[in-house]
Amino acid sequence: MMDQELAGKVAIVTGAGSGIGEATALLLARRGAKVVVADRDDSAAERVAKAIGEDAMAYAVDVSFLSSCGEMVRHTLGRFGRLDIAVNNAGIGGPQALTGDYPIDGWAQVIGVNLTGVFYCLRAEIQAMLATGGGVIVNMASILGSVGFPQAVAYVAAKHGVVGMTRTAAIEYARQGVRVNSIGPGFIDTPLLADADQEVISGVSALHPVGRMGRAEEVAELVAFLVSDRASNITGSYLVTGGGYTAQ
Ligand code: NAI
């Protein structure tokens, strides 16, 4: 039954050229959606769109620019005529440093992509969805949207912000058929962590009660559920898929 449950739906996935976004774009397409594979890295977006086939369109976006997000939504409407699903997933890790030493340019970059970028996309997507009677949005937060983590003040602040932004948009548009939720993945084995030192990676796996990092496909499953009609009464929620991390 889940097979083609998103048939006829049009989805945007940002940061879809890698990791969680890539797994999500592939899964939404498998469930029948037409997918705009949006990423700052246009060759990565092309690669994923090609893997999906003719129901996908690669799009080069930098979510930290307002005009780029607006163009992405306009382009989607131009190509596919509507927008039903948006997954605001593009994000960066940023520098690792104690708060007292945290690089100011790193702060601006992380907030610009992970917080302001989600707002810019959300804003444009809501406008498009209201015009066609509703839609569903998933914002990619993190377990670090609800707990702290050393040497990641900008990331943690941005992800907490995404959770609050999600709740606010959800209550504003609940009567107009737009559902908005956020997801809190635990540490996931993706290229995002490529720059982290090995010590951090192995330490991080042990922090999860399940004893391992998560997989991008496990996060994509939760996204696919949330954007489907099976989740029709879920809005304003923050759902964690973190191997028990935040249960401790
Ligand atoms: P990734 O690094 O594998 O993929 C992120 C993608 O976003 C890349 O293709 C990159 O080119 C794109 N991107 C970066 N900045 C962009 C911008 N300004 N505009 C457009 N695209 C941009 O990362 P991953 O792990 O798949 O992360 C995806 C999301 O999941 C991020 O928001 C991240 O914070 C979040 N997340 C990741 C976790 C992890 O442990 N990997 C844990 C919890 C949340």
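Before reading further, recall that the structure is shown in the block above.
What counts, and where the lines are drawn
- The residue numbering used here restarts from 1 in each chain and proceeds along that chain's sequence as written.
- This being a predicted model, a pLDDT of at least 70 is required before a residue's local features are given, and a value of 80 or more before pairs of side-chain atoms are given or counted; all residues contribute to the totals for chains, interfaces and linings.
- Side-chain metrics rest on all non-hydrogen atoms present in the structure, leaving aside hydrogens and water.
- We call a residue near a given molecule or strand whenever any one of its heavy atoms falls within 4 Å of it.
- Distance and chemistry together define a polar contact, namely a pair of N or O atoms within 3.5 Å, with one atom able to donate a hydrogen and the other to accept it when in protein, and with adjacent residues in sequence counting only for side-chain atoms on both sides.
- Only the protein chains shown count as cover for residues, and all accessible areas are computed by the Shrake-Rupley method using a 1.4 Å probe.
- Throughout, the protein atoms alone are placed on a 1 Å grid, and a set of points is a cavity if a 1.4 Å probe fits but cannot get out or a pocket if it is open with protein on both sides within 12 Å along at least five of seven lines; lining residues have an atom within 4 Å of a point.
- Assignment of a molecule to a cavity or pocket requires that more than half of its atoms lie within 2 Å of the corresponding grid points.
- Where helices and strands are cited, they refer to DSSP runs of H or I of at least four residues and of E of at least two residues respectively, numbered from the N terminus.
- Here the nonpolar group is Ala, Val, Leu, Ile, Met, Phe, Trp, Tyr, Cys and Pro; Asp, Glu, Lys and Arg are the charged ones; every other residue, Gly included, is treated as polar.
- Centre distance within 6.5 Å is the pairing criterion for rings of Phe, Tyr and Trp, where only the six-membered ring of Trp is used; planes under 30 degrees apart are then read as stacked, over 60 as edge-to-face, and the remainder as tilted.
- Helix span, expected: 1.5 Å multiplied by one less than the number of residues in the helix.
- Under the scheme applied here, a residue whose accessible area is under 20% of the maximum for its type counts as buried, over 50% as exposed, and between as partly exposed, the area being computed with a 1.4 Å probe on protein chains only.
- The contact rule is simple, with two residues in contact once any of their heavy atoms fall within 4.5 Å.
- Should DSSP find at least two bridges between two strands, the strands are taken to pair.
- To define axes, lines are fitted to C-alpha atoms, for helices over the stretch in contact only, and angles between the resulting N-to-C directions are given on a 0 to 180 degree scale.
- Arc definition: directions from the helix axis to the C-beta atoms.
- Note that the term roughly parallel is reserved for angles under 35 degrees, roughly antiparallel for angles over 145, roughly perpendicular for angles of 65 to 115, and oblique for everything else.
- Handedness of a crossing is defined here by the sense of rotation of the near helix relative to the far one, left-handed for an anticlockwise turn of less than a right angle and right-handed for a clockwise turn.

1. Description of the site of the ligand
Phase 1: In the vicinity of the ligand there are 29 residues, among which Ser18, Asp39, Tyr155, Ile188 and Thr190 approach most closely.
Phase 2: Between the ligand and the protein, one listed contact pairs a nitrogen atom with a backbone N or O atom of Arg40 at 3.1 Å.
Phase 3: Contacts to the ligand include Leu192, whose backbone N or O atom sits 3.5 Å from an oxygen atom.
Phase 4: When the ligand is considered free in solution it has 820 Å² of accessible area, and contact with the protein chains removes 94% of it.
Phase 5: Here the ligand is seated within the largest pocket.
Phase 6: Taken together, the elements giving at least two residues each to the shell around the ligand come down to helix H1 (19–30) and helix H5 (153–173).
Phase 7: Grouping the constituent residues of the shell around the ligand by class yields 15 nonpolar, nine polar and five charged.

2. Quick notes on the packing of aromatic side chains
Phase 1: Tallying each qualifying case throughout the model produces three aromatic pairs.
Phase 2: An aromatic cluster is built from Phe149, Phe187 and Tyr245, whose rings are joined through pairwise contacts.

3. Concerning H5
Phase 1: Its 21 residues place the ends of H5 30 Å apart at the C-alpha level, agreeing with the 30 Å of an ideal helix rising 1.5 Å per residue.
Phase 2: Along H5, the positions that sit buried rather than exposed are Ala154, Tyr155, Val156, Ala158, Lys159, Val162, Val163, Met165, Thr166, Ala169 and Ala170.
Phase 3: At its buried positions, H5 is contacted by helix H4 (104–131), strand E5 (135–140), strand E6 (178–185) and strand E7 (238–241).

4. Describing the side chain of Ser182
Phase 1: When you line up the elements, Ser182 lands in strand E6.
Phase 2: With residues near it in sequence (within four places) discarded, Ser182 still touches Asn139, Ala141, Val163, Thr166, Ser237, Tyr238 and Leu239.

5. Observations concerning the sheet that holds strand E1 (residues 10–14)
Phase 1: What the seven strands build is an open sheet, ordered E3-E2-E1-E4-E5-E6-E7; its pairing is parallel. Because the sheet does not close on itself, it has two edges, and the strands there are strand E3 (56–60) and E7. This sheet shows a mean twist of 20° between the axes of neighbouring strands, independent of strand direction.
Phase 2: Pairing of E6 with E7 involves four bridges; the strand directions are parallel. Counted as the bridge partner of Pro185 is Thr241 from E7.
Phase 3: Contacts from helix H3 (residues 66–80) reach E1, strand E2 (34–39) and E3 within the one sheet, and its direction differs from that of E3 by about 155°.
Phase 4: Running at roughly 160° to E6, H5 makes contact with E5, E6 and E7 of the sheet.

6. Points about helix H2 (residues 42–52)
Phase 1: What H2 keeps buried is the set Ala44, Ala45, Val48 and Ala49. Down the axis of H2, the smallest arc covering the buried residues is 130°, so these residues share one side. Relative to its buried face, H2 has exposed residues pointing more than 90 degrees away, namely Ser43, Lys50 and Ala51.
Phase 2: Buried-residue contacts for H2 involve H1, E2 and E3.
Phase 3: Of the residues one or two after H2, Gly53 is the one with positive phi, at around 110°.

7. Thoughts on the packing of H4 against H5
When two helices pack together, their arrangement is given by the angle between the helix axes and the distance between those axes.
Phase 1: Where H4 meets H5, the closest approach of the two axes is 8 Å, and the angle between their N-to-C directions is 15°. The orientation of H4 with respect to H5, classified from their angle, is roughly parallel. For the element pair H4 and H5, the recorded crossing hand is right-handed. When H4 is examined against H5, the residues Trp107, Val110, Ile111, Asn114, Leu115, Val118, Phe119, Leu122, Ile126 and Leu130 are found in contact with a partner set consisting of Val153, Ala154, Tyr155, Ala157, Ala158, Lys159, Gly161, Val162, Met165, Ala169 and Tyr173.
Phase 2: Partitioned by chemical class, the residues of the contact of H4 with H5 number 18 nonpolar, two polar and one charged.

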